[in-house]
Amino acid sequence: MPRPEPAYADLPPITRRALFASFLKMGLLGFGGVLPWARRVIVDERRWLGDREFAELIGLCQVLPGPNVVNLSVIIGARTHGAVGSLIAVAAILLVPVGLMLVIAAFYAAVAQDPLTRNAIAGASAAAAGLILGTAMRLLLHTRPPLRGLLTGGAAFVAVGILQWPLLWVIVVLIVAGIGAEWLARRSGA
Amino acid sequence: MHADTQVLAEIATRFAALSLVAIGGINAILPEIHRVVVDLEGWMTSAQFADLFAIAQLAPGPNAMVVALVGWKVAGVTGALVATIAACGPSSLACYIAWHWADRLRESPTRALVQRALAPLAIGLILASGYTLARGADRSPGAFALTLLAAATLAWTRVNPVWVLLVAGVAGLAGFA
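Remember, predicted model here, so these are calculated numbers, not experimental data.

Caption draft 1: Spotlight on the overall build of chain A. Along chain A, the regular secondary structure elements total 7 helices and 0 strands. N-terminal to C-terminal, the α/β element order of chain A is α-α-α-α-α-α-α. C-alpha extents for chain A along the principal axes are approximately 65 × 50 × 25 Å. In chain A, buried positions account for 54% of the 190 residues. Expressed as a percentage of contacts within chain A between residues at least 6 apart in sequence, the contacts between residues at least 24 apart total 59%. Summing over all exposed atoms, chain A offers an accessible surface of approximately 8400 Å²; the carbon and sulfur share of this is 69%. Charge separation in chain A, taken as the distance between the mean sites of 16 positive and 9 negative side-chain charges, equals 1 Å.

Caption draft 2: Layout of the interface of chain A and chain B. Listed per partner, the contact involves 94 residues of chain A and 86 residues of chain B. The interface formed by chain A and chain B holds 2 salt bridges in total. A salt bridge links Arg116(B) to Glu182(A), with the nearest nitrogen and oxygen atoms 3.1 Å apart. Taken together, the connections running from chain A to chain B amount to 10 residue pairs in polar contact (both at pLDDT 80 or more). Sorting the residues of the side of chain A that touches chain B by element identifies α1 (16-29), α2 (35-45), α3 (51-63), α4 (68-113), α5 (115-143), α6 (147-162) and α7 (167-189) of chain A as the ones contributing at least two each. The element that contributes the greatest number of residues to the side of chain A that touches chain B is α5(A), accounting for 25 residues. Taken together, the residues of the side of chain A that touches chain B break down into 63 nonpolar, 22 polar and 9 charged.

Caption draft 3: Geometry of the state of the cysteines. Taken as a whole and judged by the stated rule, the model has 0 disulfides over all chains. Lacking any disulfide linkage, Cys95(B) is separated from the closest cysteine sulfur, that of Cys61(A), by 5.3 Å. With a relative accessible area of 1%, Cys95(B) lands in the buried category.

Analysis parameters
Residues numbered from 1 in each chain as written. Chains lettered and ligands numbered in written order. Predicted model: local features only at pLDDT ≥ 70, side-chain atom pairs only at ≥ 80, totals over all residues. Heavy atoms only, no water. Helix = DSSP H or I, 4+ residues; strand = E, 2+ residues; numbered from the N terminus. Buried < 20%, exposed > 50% of the residue type's maximum accessible area, 1.4 Å probe, protein only. Contact = heavy atoms within 4.5 Å. Areas by Shrake-Rupley, 256 points an atom, 1.4 Å probe, with all protein chains shown as cover. Lys, Arg positive; Asp, Glu negative; His and termini not counted. Charge placed at Lys NZ, Arg CZ, Asp CG, Glu CD. Salt bridge = Lys/Arg side-chain N within 4 Å of Asp/Glu carboxyl O. Polar contact = N/O pair within 3.5 Å; in protein donor to acceptor, adjacent residues only side chain to side chain. Nonpolar A, V, L, I, M, F, W, Y, C, P; charged D, E, K, R; others polar. Disulfide = S-S within 2.5 Å.

Below you can see the structure in the form of structure tokens.
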């Protein structure tokens, strides 16, 4: 573990402290979803990855089992500090949220009855959904996929979001279709 | 003590098994978690499960954390830790292995091709999860406006999302949502 793998060279050097602090921040601020914060911290603030690399990495994290942001922690941790890095990042993104949630759970009965709190939560939940939609928009604008990409992405949105089809099968079919389309494009365009 | 250990072991095995099928994250297998926790194990009622889900929405962090709450409900803080580790451990290990495998193919044009195919798919799925959440959250025109405002702010500005959430919370407090 002490000598850095040259294979990880495309990610700038990240100290363990920075790794922990960044993922802690994502977990802590990730109300209603961590993904908008993951993109903001990794792409805008720390500049570890560009939007395109981030989208590609999240793509991998989505198709693997497990929460996508936990998978993202595993991979970015592994790329910078191997298995130890994965543990640091996963612990950081889960620890504080789990602790906070247990505190919330202890007070939930009292809080849930309070109409003002409910109103505030309703407002914040609506915005949290918007942050996730905005993240998708931003990735779309910054990566500008070709038509074939727009078609697979659009099909994923319609099938999972609107038609509520089972995610697993949608992913399997669209991975095959997406890879097939890329392969055809490379063969005819190369 | 013995009974406690047995319950913890059951939590661990149930969630470890769910972990490896959780493609698309925990929200994708929520119905399956419900089946195990309410129907098979009888750890809680359906209404209690819905309450836990609502609490999980209040806390920051990955939405996977509803499993920590299930563990907490069944076996306290230890249960929460066991459930979280069991639900994230196997999938994280699979991800770690998959990453090393992908890393070895880093120069291969096949990997670049697969990545190009995955990126737009990921964007479509993120859009779908935002849409699903918005459908649940937007019960009034005001809430719908807050969702649109938040989406536009994130897509076209670099305003810190904390402000978006705070403003929306205050707007909600004022009865706007």
